[in-house]
Amino acid sequence: MGDYLEEIIDKVKQMDFKDSIDFSLKFKNIVIFGMGGSGIAGKIFQDLFTKFPVISIDSYEFPQYIDENTLFISISYSGNTEETIRATDMAIKKGAKVWAITSGGELSKMVKNVILIPKGLQPRSSIGYLLNPLLLGSGLADDDSLKEAKENIEKLNREHEEMKIIADEIYYGNKIPAIFGFPPYKYVAYRLKTQFNENSKILAYWSYFPELNHNDTMPLKSTYRKELFYFIALTYPNINEIYLKRLKITSEICDFNYKEVRAMGESLASQIYTSIHQGDLISYYLAKRRGVDPRDVNIIEELKRRLS
Ligand code: F6R
């Protein structure tokens, strides 16, 4: 097994993955279920697809309205995650139109419509395999936008000094990352929080505009130990000016500096994947600085074993 960086950099290959969920089925609402690194695909998607109501779920609570009018998409890299299996079983019993995205496991046996993805990766580094079927099936991405995403990921693979610098600043400054996201990509910011958790093994904070202006703004001004935090704003080209204005005014009133990490490209696919990729690289280099294994998720696995 090579260094985990190879797995991150290999994301570029996933831009060629073109299998997709069939969105031409008749349905009235979409429910996407997934936990952790698998669930993030549904979370990102739910803020982007606006033709039908979409929710993503990552808990034992199950919406009553799930029935034959529901397109239920179950996402689990391993195909064996307890919460996901339980929810999928319920969705099948309720007569929902069920699809699964998985590399195998129990899920691939219980669901008829399965998008099978390659085995051997960490769920969180298979984001292209998990998200492309949703973006392509729904029409939010196409060959051209995935090509743009691929080219920009390649660019980042060649040159990402800035990501190492950010990791160094967090590490040598003994900082806790606090990430600010902006709709419609607020869950891309959440993804970075989870990458700091799983890759770098550090706690991290996440919030998003404009909502944070109605709560976080207070402690951003006066919390104790403000110097503990490293603020990252995940912006993107053609972001609505109102968000940048809010960010600027908030940082002025509350007196904090932030690092802007900007997504690349015009298309939604390129912006999502380059933003994710930059975060993956930062969290990887931070893990290396800390001397922890970015791939290792033994504790999560032990927890799953003890619960089973
Ligand atoms: C990410 C990771 C976890 C899993 C989560 C669910 O790399 O290891 O966040 O994604 O425990 O497991 P799966 O994805 O197999 O359903």
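Remarks on helix α9 (residues 186–198)
- For α9, which comprises 13 residues, the first-to-last C-alpha distance of 19 Å matches the rise-based estimate of 18 Å (1.5 Å per residue) to within 8%.
- Burial runs high along α9: 11 of the 13 residues are buried.
- Buried residues of α9: K186, Y187, V188, A189, R191, L192, K193, T194, Q195, F196 and E198, and no others.

Quick word on the pairing of strand β7 (residues 205–208)
- Of the pairings in the sheet, the one linking strand β6 (residues 176–181) to β7 comprises four bridges and is parallel in character. Considered in β7, the bridge of I179 is made with W206.

Brief notes about the sheet that holds β7
- Sheet architecture is open: four strands sit in the order β7-β6-β8-β9, paired in parallel fashion. In the strand order of this sheet, the two ends are held by β7 and β9 (258–262), each with one partner. The sheet shows a mean angle of 25° between the axes of neighbouring strands, direction not considered.
- Pairing analysis gives five bridges linking β6 to strand β8 (residues 229–235), with the strands arranged parallel. Counted as the bridge partner of F180 is A233 from β8.

Regarding the sheet that holds strand β1 (residues 29–34)
- Overall, parallel pairing links the five strands, which are arranged β2-β1-β3-β4-β5 in an open sheet. Edge positions in the sheet fall to β2 (54–57) and β5 (113–116), since each has one partner strand and no second. Along the sheet, successive strands turn relative to each other by an average axial angle of 15°, direction set aside.
- As paired strands, strand β3 (residues 70–76) and strand β4 (residues 97–102) are joined by six bridges and run parallel to one another. Paired with I75 across the strands is I101, a residue of β4.

Details of the packing of aromatic side chains
- Taken as a whole and assessed by the stated rule, the structure comprises 23 aromatic pairs.
- Look at F17 and Y129: their rings are 5.1 Å apart centre to centre, the planes differ by 90°, and that puts the pair in the edge-to-face class. With a gap of 112 residues between them, F17 in the loop between α2 (11–14) and β1 and Y129 in helix α6 (residues 127–138) connect regions that are remote in the sequence. Per residue, the accessibility class of F17 equals that of Y129, and both read buried.
- Aromatic side chains Y185 and Y236 sit 4.7 Å apart centroid to centroid with 70° between the ring planes, which places their arrangement in the edge-to-face category. Within this pair, whereas Y185 is found in the loop between β6 and α9, its partner Y236 is found in the loop between β8 and α11 (241–254), the two being separated by 51 residues in sequence. Taken individually, Y185 and Y236 each receive the classification buried, so the pair is uniform in this respect.
- A network of ring pairs unites the aromatic residues F180, F182, F209, F229, F231, Y243, F256 and Y258 as a single cluster.

So, how was this worked out
Sequence order as written defines the numbering, with residues in each chain counted from 1. Thresholds applied to this predicted model are a pLDDT of at least 70 for local features of residues and 80 or more for the giving and counting of side-chain atom pairs; totals over whole chains, interfaces and linings are not thresholded and use all residues. Heavy atoms throughout the structure, all of them, feed into the side-chain values; hydrogens and water do not. Strands are runs of DSSP state E lasting at least 2 residues, helices are runs of H or I lasting at least 4, and numbering of each runs from the N terminus. By this rule the span expected of a helix is its residue count minus one, scaled by 1.5 Å. Relative accessibility under 20% of the residue-type maximum defines a buried residue, over 50% an exposed one, and the middle range a partly exposed one, all with a 1.4 Å probe and only protein chains included. Only strands joined by at least two bridges in the DSSP assignment are considered to pair. Lines fitted to C-alpha atoms define the axes, with helix axes restricted to the stretch in contact, and inter-axis angles between N-to-C directions lie between 0 and 180 degrees. Here is the rule: rings of Phe, Tyr and Trp (six-membered ring for Trp) pair when centre to centre is within 6.5 Å. Planes less than 30 degrees apart are stacked, more than 60 are edge-to-face, and the remainder are tilted.

Function-wise, these values are silent; they only describe arrangement.
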